[in-house]
Amino acid sequence: MADSSLKHSYLESGSLKIPNQAHCQDFSHPVRRHKGYYQANTRGWIVHKTDYCLSQAGKKNIDETKLVMWLSANAGMGKSVIAAILLDRYIQRDMLGAWHFCTHSNASQNTVLAIILSLSGMLEVTIPGYAKELHSQGDAVLQEAKLKEDPIELFKVFFLTPLSQVDPPKDSNGNPKRIIAFCDALDEMKSKEMSGFLEILTDSAPNLPSFLLFF
């Protein structure tokens, strides 16, 4: 990760708080709580599948099934637990890009705008060069995208455009690596907001650079 202090803070105290990023939500508590529900040696298939998708770094023509991963199940089946253990796994491997957990107790963080701004703020910390490319578009462009209430345009301005201009991340040996962005519990979103975010995942997320896996 670009900011190793974030990883160290998480390993030492479990904190996922992003400093100096007003739009980033602090999901330390829900991640810690969901991790506590995990039963060891279960759900191995999803871990292996995600590991495989992330192992495709540097390969050309990655198909869209390895750009966006969907996990769907009934309430109470452990989707958030899986997201939490995967987050824990990949932050330790320096492969975590961004994360967002929708919750029924805070509707204000369950909107497309809140999710995009929170994820974007995290990418400013975890992907070298992203912040520069994002803000090089100018404050007017960013503000207009936020006010438009158009999910596709919002995703284009905050994700597709800046990410297309950054160099692919590299591991400690200088080899290409993929990173993962999590968005959990979309079923907590109101119908209109969920429709907008699903439109992003189906129509725009497959156009992301191949180094980013959206889960």
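See the structure shown above.
Residues numbered from 1 in each chain as written. Predicted model: local features only at pLDDT ≥ 70, side-chain atom pairs only at ≥ 80, totals over all residues. Heavy atoms only, no water.

*Asks:* Teacher, can you tell me more about the packing of aromatic side chains here?
*Replies:* Think of a pair of aromatic rings as described by two things: how far the centres are apart, and how the planes are tilted against each other in angle. Summed over the entire model, instances satisfying the criterion amount to six aromatic pairs. Relative to Phe 101, the ring of Phe 27 has its centre 5.9 Å away and its plane inclined at 45 degrees; by these criteria the two rings are tilted. Taken together, the residues Phe 27 in the loop between α1 (4–13) and α2 (28–36) and Phe 101 in strand β1 (residues 96–101) connect sequence positions 74 residues apart. A single burial state applies to Phe 27 and to Phe 101, both of which are buried. Through pairs of rings, three or more aromatic residues link up here, namely Phe 155, Phe 159, Phe 197 and Phe 214. (Phe/Tyr/Trp six-rings, centres within 6.5 Å; stacked < 30°, edge-to-face > 60°. Helix = DSSP H or I, 4+ residues; strand = E, 2+ residues; numbered from the N terminus. Buried < 20%, exposed > 50% of the residue type's maximum accessible area, 1.4 Å probe, protein only.)

*Asks:* When you look at the packing of helix α5 (residues 112–126) against helix α9 (residues 191–204) in this model, what are you seeing that I'm missing?
*Replies:* To characterise two packed helices, one gives the angle between the axes of the helices and the distance between these axes. Relative to each other, α5 and α9 sit at 45 degrees, their axes nearing to 9 Å. One element, α5, and the other, α9, form an angle in the oblique class. Where α5 approaches α9, its residues Val 112, Ile 115 and Ile 116 are matched on the opposing element by Glu 193, Gly 196, Phe 197 and Ile 200. Grouping the constituent residues of the contact of α5 with α9 by class yields five nonpolar, one polar and one charged. (Axes fitted to C-alpha atoms, helices over the stretch in contact; angles between N-to-C directions. Parallel < 35°, antiparallel > 145°, perpendicular 65-115°, else oblique. Contact = heavy atoms within 4.5 Å. Nonpolar A, V, L, I, M, F, W, Y, C, P; charged D, E, K, R; others polar.)

*Asks:* What is the right way to read the environment of Glu 193 from this model?
*Replies:* In this structure, Glu 193 sits in helix α9. By relative accessible area, which is 26% here, Glu 193 ends up partly exposed. On a C-alpha basis, the gap between Glu 193 and Ile 180 in space is 23 Å, while along the polypeptide they are 13 residues apart. A polar atom in the side chain of Glu 193 sits 2.9 Å from the backbone nitrogen of Val 112. (Polar contact = N/O pair within 3.5 Å; in protein donor to acceptor, adjacent residues only side chain to side chain.)

*Asks:* Hey, could you run me through the sheet that holds β1 in this one?
*Replies:* In a beta sheet, neighbouring strands pair by backbone hydrogen bonds and run either parallel or antiparallel. Spatially, β1-β2-β3 is the arrangement adopted by the three strands of the open sheet, whose pairing is parallel. Strands with a single pairing partner mark the edges of an open sheet, and in this sheet they are β1 and β3 (212–214). Shown here is a sheet whose adjacent strand axes are inclined to one another by a mean of 10 degrees, direction ignored. Sheet topology places β1 next to strand β2 (residues 179–184); five bridges connect them, and they run parallel. In the sheet register, His 100 faces β2, and the bridge partner there is Cys 183. (Pairing = 2+ DSSP bridges.)

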